[in-house]
Amino acid sequence: MIPYRLTSGNWSIAWGTPLDLKARISNPLLHRNNEYLHAVEELPDLWEWDLPEGVYRAKDIVLEAGIILAAIGIQLGDAANSKALLDNLQSSLATAGREAVLPLEQLKAEHEDDSRSELSDQAKRIGETIANWAREEDKQASALKRYGERTLRRLTMRSRCDQHLWTPDVVHLLTGPSGSPAVMQLFNEYLHQLILLRDALIPFENWEEVLLERKGTDRERGLRWLEEARNEFLAVLLTRKIPHKAIVRYAQRVLSPELSAAGYGFQYRLGTILPASIGRPIIAASKALLRWHPVWTYKAGVTDYPEPATFDYALDDYYAAQRSALESAPSERTGSSSSPPSLAAIREAGLVPVATDSGRVQLQLILPTPEREYAVDLGQALRGHRYLYRPQRENPDAEQPDTSCAEPGDLPVHEADSILVLPGLVTAGAGVHSVAAYGNPLVQWALLGKLYPENIVASEGVAGSALGSANESGKGFGAKFLFDGAVRLTD
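What you see is a predicted model; the values in this text were computed from it and never measured. (Residues numbered from 1 in each chain as written. Predicted model: local features only at pLDDT ≥ 70, side-chain atom pairs only at ≥ 80, totals over all residues. Heavy atoms only, no water.)

Draft legend 1. Summary view of empty space enclosed by the protein. Scanning the model with the defined rule gives one cavity of 30 Å³ or more in all. Approximately 40 Å³ is the volume attributed to the largest cavity. Residue contributions to the lining of the largest cavity peak at three residues, all from strand β7 (residues 212-214). Here the lining of the largest cavity is built from residues that sort into six nonpolar, no polar and two charged. (1 Å grid on protein atoms, 1.4 Å probe; cavity = no way out; pocket = protein on both sides within 12 Å on 5 of 7 lines; lining within 4 Å. Points joined across faces, edges and corners; volume = space filled by probe spheres on them. Helix = DSSP H or I, 4+ residues; strand = E, 2+ residues; numbered from the N terminus. Nonpolar A, V, L, I, M, F, W, Y, C, P; charged D, E, K, R; others polar.)

Draft legend 2. Structural view of helix α9 (residues 227-239). A rise of 1.5 Å per residue sets the reference length of α9, with its 13 residues, at 18 Å; its end C-alpha atoms lie 18 Å apart and thus fit the reference within 8%. Of the residues making up α9, those classed as buried are Glu227, Ala229, Arg230, Phe233, Leu234, Val236 and Leu237. (Expected span 1.5 Å × (residues − 1). Buried < 20%, exposed > 50% of the residue type's maximum accessible area, 1.4 Å probe, protein only.)

Draft legend 3. Representation of the packing of helix α3 (residues 82-93) against helix α7 (residues 168-175) within the structure. Interaxial distance between α3 and α7 falls to 9 Å at its minimum, and their mutual angle equals 130°. The orientation of α3 relative to α7 falls into the category oblique. The chirality of how α3 crosses α7 is left-handed. Only Asp169, Val170, Leu173 and Leu174 of α7 make contact with α3, whose side of the interface consists of Ala84, Leu85 and Asn88. For the contact of α3 with α7, the residue count by class is five nonpolar, one polar and one charged. (Axes fitted to C-alpha atoms, helices over the stretch in contact; angles between N-to-C directions. Parallel < 35°, antiparallel > 145°, perpendicular 65-115°, else oblique. Left-handed = near helix turned anticlockwise from the far one by under 90°. Contact = heavy atoms within 4.5 Å.)

Draft legend 4. Inspection of unusual backbone geometry at higher detail. Despite not being glycine, Ala141 has its phi angle at roughly 55°, a positive value. Note that Ala141 resides in the loop between α5 (114-140) and α6 (142-153). Although it is not a glycine, Gln163 sits at a positive phi angle of roughly 65°. Within the secondary structure, Gln163 is located in the loop between α6 and α7. The class for Gln163 is exposed, based on a relative accessible area of 69%.

Draft legend 5. Up close: the nonpolar core. Counting residues in each nonpolar core, the largest one holds 79 residues, and the members touching the most others are Tyr190 and Leu197. Here this core takes 11 residues from helix α2 (residues 58-76), the largest share from any one element. Residue contacts for Leu197: discarding those within four places in its chain leaves Ala58, Ile61, Val62, Ile130, Leu212 and Leu223. Counting 51 residues, the second-largest nonpolar core is a separate cluster that includes Ile346, Leu378, Ala381 and Leu448. (Core = buried A, V, L, I, M, F, W, Y, C linked by side-chain atoms within 4.5 Å.)

Draft legend 6. A look at the environment of Ala261. Looking at the secondary structure, you find Ala261 in the loop between α10 (244-255) and β8 (265-268). Placed 13 residues apart in sequence, Ala261 and Val248 show a C-alpha to C-alpha distance of 9.8 Å. Other than its neighbours up to four places away in sequence, Ala261 contacts Gln252 and Thr310.

Draft legend 7. Summary view of the pairing of β8. With burial as the criterion, each face of β8 is covered, one bearing Gly265 and Gln267 and the other bearing Phe266 and Tyr268. Inspection of the sheet shows β8 paired to strand β12 (residues 309-311) by three bridges, in the antiparallel sense. Residue pairing for β12: Gln267 is matched across the bridge by Ala309. The pairing of β8 with strand β9 (residues 271-275) spans three bridges and is classified as antiparallel. Bridge pairing links Tyr268 to Gly271 in β9. Between β8 and β9, which pair antiparallel and follow one another directly, the connecting turn spans two residues. (Pairing = 2+ DSSP bridges.)

Draft legend 8. Inspection of the environment of Leu411 at higher detail. Considering the arrangement of structural elements, one finds Leu411 in the loop between α12 (391-394) and β18 (412-415). Leu411 gets classed as buried once you look at its relative accessible area, which sits at 11%. Separated by 20 residues in sequence, Leu411 and Gly431 have C-alpha atoms that sit 9.3 Å apart.

Draft legend 9. Molecular detail of the side chain of Arg198. By secondary structure assignment, the location of Arg198 is in helix α8 (residues 181-200). We classify Arg198 as buried; its relative accessible area is 0%. Here the side chain of Arg198 touches Asp199 through a polar contact of 2.4 Å, side chain to side chain. Each residue touching Arg198, except ones within four places of it in the same chain, is listed here: Ser92, Leu93, Ala94, Val101, Leu102, Ala123, Ile126, Gly127 and Ile130. (Polar contact = N/O pair within 3.5 Å; in protein donor to acceptor, adjacent residues only side chain to side chain.)

Draft legend 10. Quick peek at the packing of aromatic side chains. According to the stated counting rule, one finds nine aromatic pairs in the structure shown. Here the aromatic rings of Phe233 and Tyr250 are separated by 4.2 Å at their centres, their planes lie at 5°, and the arrangement is stacked. Highlighted residues: Phe233 in helix α9 and Tyr250 in helix α10, separated in sequence by 17 residues. A network of ring pairs unites the aromatic residues Tyr318, Tyr319, Tyr387 and Tyr452 as a single cluster. Against the face of Tyr374 rests Arg372, its NZ or CZ located 5.1 Å from the ring centre. The aromatic ring of Tyr313 is capped on one face by Arg383, whose charged end is 4.3 Å from the ring centroid. (Phe/Tyr/Trp six-rings, centres within 6.5 Å; stacked < 30°, edge-to-face > 60°. Lys NZ or Arg CZ within 6 Å of the ring centre and 35° of its normal.)

Draft legend 11. Quick peek at the pattern of salt bridges. For the structure shown, the criterion picks out 23 salt bridges. Measuring nitrogen to oxygen at the nearest pair gives 2.6 Å for the salt bridge that ties Glu149 to Arg153. Taken together, the residues span about one helical turn, with Glu149 and Arg153 both in helix α6 at a distance of four residues. By relative accessible area, which is 45% here, Arg153 ends up partly exposed. Among the ionic pairs, Asp199 bridges to Arg230, the shortest N-O distance being 2.5 Å. Highlighted residues: Asp199 in helix α8 and Arg230 in helix α9, separated in sequence by 31 residues. By sharing partners, the salt bridges in this structure join Arg160, Asp162, Glu189, Arg224 and Glu227 into a single network. (Salt bridge = Lys/Arg side-chain N within 4 Å of Asp/Glu carboxyl O.)

Listed below in structure tokens is the structure:
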């Protein structure tokens, strides 16, 4: 079978078994209408809303939550004002303002934290899109067409107060002559379901594609089974610098709660979750977000479906890892006198799962050349990327260092292949060392999995300014590694 391919520009990474998405996604519109509305116990003339068992994408859930909004409109009668209700939804999903449930913009401005900044921007994008989808669903009135006015008038539910603020217009609407405790609770539930949806998808770069599964064993209404995981995640996000493992753990609890250990990624029944940076040029790639891939990465035994699996680091503690001195590399050059080896021409890498005796699964990034295969632990490469210094991105308005005296031609330049063949992690005693990655993102990723992840600098610009950036970046001690040829996605 042709493997799954993750492509970025002229480069790709291939692995695993692609999923047949048509066989995995249950189209909510194919469900019988009464699967979404069921009779209230002891009150057979009234109906409650829920999501039936199945697999959904975000837009499907917004569509089904629209049933609640349509019922509110019917029950408000002539006073119905869907614009006011949807404006409130948009304000609740915003990341700033009085009604914002997740006021991340203020925290983003107060604290310099790349991960929180990325997650804040992601929450804002998702909230805006969900609000737009909700407006589209209201205009199309599909819930009214599917269920009819009589059924929607009988929709009711007991929704506990989740302390989501209402706008003044909604307060007047729902507490006025046409309002009632019944429509208040309907609106509370509508807000809360879509807030839960937004928050569940914050870790995922391609959140619109992610497959969420509603299982028959879930006893809470709609997405309320996510509340405990959400509350724990937000407690970290809002109060301190968030570790990458906390993001992965939250994503696991959303998609595969049966997994107990958190590494840097995982596989569940409906795909593979890996950091969104994989395969991207390192100068522009996200450090915090994850990405859903429609592929089964690891399969053990002869079962029809691969088991859920956590992808873990080969090195639990990289401080204690074996180290090789850069000076022991088999070749070194200065300037650009030699030609790049065949490693520079690689356009496709592979991911190979390796199961350990402890039951953990590790992924190796493989770069094949005519001479040999180069292999590094993907987890270590990701760790190296998170620790990477990107001075021009982090301080775009900073004063540029004086490079008039820099002599890049005298800088030691080490070939990537001479580093990748060394055992353990590679380090050096002192100085700035240029590593020839040939502007190839796959080679850069392999190097991130091999170099000791403390003082690696990737910078755009000509050699002199790059050297200046390296001198101004990183820790104030120890050897530094400068990646030459750092590229952006547009290159």
